[in-house]
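Read off the chains here:
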Amino acid sequence: MKSDEQSQKIDLENDPLAQELKRRIQEIDEGTMPLTPFKEGMDRMMERMRLKYASG
């Protein structure tokens with residue numbers, strides 16, 4: 001008898017999140033979407049937050 005974990009397989013071919021990740025990876029690989037390193041992306045976000053809330 002299969003355990004509950006084994007019987008709850010996810011169909012990645014039809015999973016919307018998996019499809020979105022595949023699409024984004026393909027865009028990065030093709031060069032149509034830039035790859036932003038995590039730290040650089042976080043720095044940009046923090047700067048936007050600082051500018052938004054520091055002025056108010």
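A brief structural summary.

So, how was this worked out
Residues numbered from 1 in each chain as written. Predicted model: local features only at pLDDT ≥ 70, side-chain atom pairs only at ≥ 80, totals over all residues. Heavy atoms only, no water. Helix = DSSP H or I, 4+ residues; strand = E, 2+ residues; numbered from the N terminus. Areas by Shrake-Rupley, 256 points an atom, 1.4 Å probe, with all protein chains shown as cover. Buried < 20%, exposed > 50% of the residue type's maximum accessible area, 1.4 Å probe, protein only. Polar contact = N/O pair within 3.5 Å; in protein donor to acceptor, adjacent residues only side chain to side chain. Contact = heavy atoms within 4.5 Å. Expected span 1.5 Å × (residues − 1). Salt bridge = Lys/Arg side-chain N within 4 Å of Asp/Glu carboxyl O.

### With respect to the overall build of the protein
Part 1 of the argument: The number of helices and strands found in the protein is three helices and zero strands.
Part 2 of the argument: When the helices and strands of the protein are placed in sequence order, the string is α-α-α.
Part 3 of the argument: Summed over its atoms, the accessible surface of the protein is roughly 5,700 Å², and 58% of this surface lies on carbon and sulfur atoms.

### Overview of the side chain of Glu-27
Part 1 of the argument: Structurally, the position occupied by Glu-27 is in helix α2 (residues 16–30).
Part 2 of the argument: Among the residues examined, Glu-27 registers a relative accessible area of 19% and is labelled buried.
Part 3 of the argument: Engagement of the side chain of Glu-27 in a polar contact is seen with the side chain of Arg-23, the distance being 2.6 Å.
Part 4 of the argument: When residues no more than four places from it in sequence are discounted, the contact partners of Glu-27 are Thr-32 and Met-33.

### Overview of α2
Structural remark: α-helix, 3.6 residues per turn; residues separated by three or four positions point the same way.
Part 1 of the argument: For α2, which comprises 15 residues, the first-to-last C-alpha distance of 21 Å matches the rise-based estimate of 21 Å (1.5 Å per residue) to within 8%.
Part 2 of the argument: Downstream of α2 by a residue or two, Gly-31 has a phi angle that is positive, lying close to 85°.

### Side note on the pattern of salt bridges
Oppositely charged side chains may form a pair once their charged atoms are brought near each other.
Part 1 of the argument: Following the criterion strictly, the structure yields seven salt bridges and no others.
Part 2 of the argument: Between Glu-13 and Lys-22 there is a salt bridge, with the nearest N and O atoms lying 3.6 Å from each other.
Part 3 of the argument: The exposure class of Glu-13 is exposed, given its relative accessible area of 55%.

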